[in-house]
Structure formats: C-alpha cells, structure tokens
Amino acid sequence: MNIYRKGIGPSEDRTATDATNSATNETNATEIATNATELTEDEKLIIVAVKQNPSITQQALHNQTGITIGTIKRILPRLQEKGVLIREGNRRSGNWKVIK
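These numbers come from a predicted model, not from an experiment. (Residues numbered from 1 in each chain as written. Predicted model: local features only at pLDDT ≥ 70, side-chain atom pairs only at ≥ 80, totals over all residues. Heavy atoms only, no water.)

(A) A look at the side chain of Thr65. Secondary-structure assignment places Thr65 in helix H3 (residues 58-65). Within the local environment of Thr65, its side chain forms a polar contact with the backbone oxygen of Leu61, the two atoms lying 2.6 Å apart. Of the polar contacts made by the side chain of Thr65, one reaches the backbone nitrogen of Ile67; its length is 3.2 Å. Those residues in contact with Thr65, other than ones at most four positions away along the chain, are Leu45, Ala49 and Ile72. (Helix = DSSP H or I, 4+ residues; strand = E, 2+ residues; numbered from the N terminus. Polar contact = N/O pair within 3.5 Å; in protein donor to acceptor, adjacent residues only side chain to side chain. Contact = heavy atoms within 4.5 Å.)

(B) Looking closely at the pairing of strand E2 (residues 95-98). Across 4 bridges, strand E1 (residues 85-88) lies against E2 in antiparallel orientation. Among the inter-strand pairings, Glu88 is bridged to a residue of E2, identified as Asn95. Turn length for the E1-E2 hairpin, with the two strands adjacent in sequence and antiparallel, is 6 residues, and the turn residue Gly89 shows positive phi of about 90°. (Pairing = 2+ DSSP bridges.)

(C) Local environment of the pattern of salt bridges. Under the definition given, this model contains 3 salt bridges. Lys44 serves as the salt-bridge partner of Glu41, at 3.8 Å between the closest nitrogen and oxygen. Of this pair, Glu41 and Lys44 both sit in helix H2 (residues 41-52), 3 residues apart, which is roughly one turn of that helix. We classify Lys44 as partly exposed; its relative accessible area is 39%. One salt bridge connects Lys82 with Glu43, and the closest N-O pair in it is separated by 3.1 Å. With Lys82 in the loop between helix H4 (69-81) and E1 and Glu43 in helix H2, this residue pair connects regions lying 39 residues apart in the sequence. (Salt bridge = Lys/Arg side-chain N within 4 Å of Asp/Glu carboxyl O. Buried < 20%, exposed > 50% of the residue type's maximum accessible area, 1.4 Å probe, protein only.)

(D) Main features of the packing of H2 against H3. Axis separation between H2 and H3 bottoms out at 10 Å; the angle between their running directions is 115°. Read as a crossing pair, H2 and H3 show a hand that is right-handed. Packed against H2, whose contacting residues are Leu45, Ile46, Ala49, Val50 and Gln52, the element H3 presents Leu61, Gln64 and Thr65 at the interface. Of the residues that constitute the contact of H2 with H3, the class distribution is 5 nonpolar, 3 polar and no charged. (Axes fitted to C-alpha atoms, helices over the stretch in contact; angles between N-to-C directions. Left-handed = near helix turned anticlockwise from the far one by under 90°. Nonpolar A, V, L, I, M, F, W, Y, C, P; charged D, E, K, R; others polar.)

Written out as structure tokens, the structure reads:
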C-alpha cells in the first residue's frame, strides 16, 4: 500500500515539510524573544521591590508584595534567565541588581 499521493514522491513531500518546519522554528524563536521581554504583574512587583531594597530577602519580598514564597522562588530564577535581574555576592549577604 502506497501512503503517498500519486505524483508526489517522498523527496518532494519532505521538502514541503522542511519548509514548514523552518517557518515554524522561526516563529517560535520570535515568540520566545518577545515573551522574554514581557513581564507578568508578579514579576513587575518583585522588580519594584528589588529596586527599592537590593538586599531584600525572599521573606521580605513575600511580606511586601503578598506573593507566596514558592512563587517568588520560581520568579527570581526566571528573571535572571530573562536578563532582568542578577545576583551580586553570595547567597547570604548578596544583593540583587536590576539590569533592565
């Protein structure tokens, strides 16, 4: 049983699929770059709090913003990946620095 339509060989079908995959990959890369610059409301609250107090702790962020500590622990690394925050110094006595 032939699964290909008549007149279209496997190589011709693969070319169309490759072009589709290429376009999809370019779209995904654009979406990732766009999403990296967009911030959620919680992320914005954390950035404002860090600007006010660069040595703020996760507990203090929770007290100031009302965001749960678990969510704060997820958001801080995400902001570092997005290039918005960096941590200077060590874990105990370091400071946060807002880049963007």
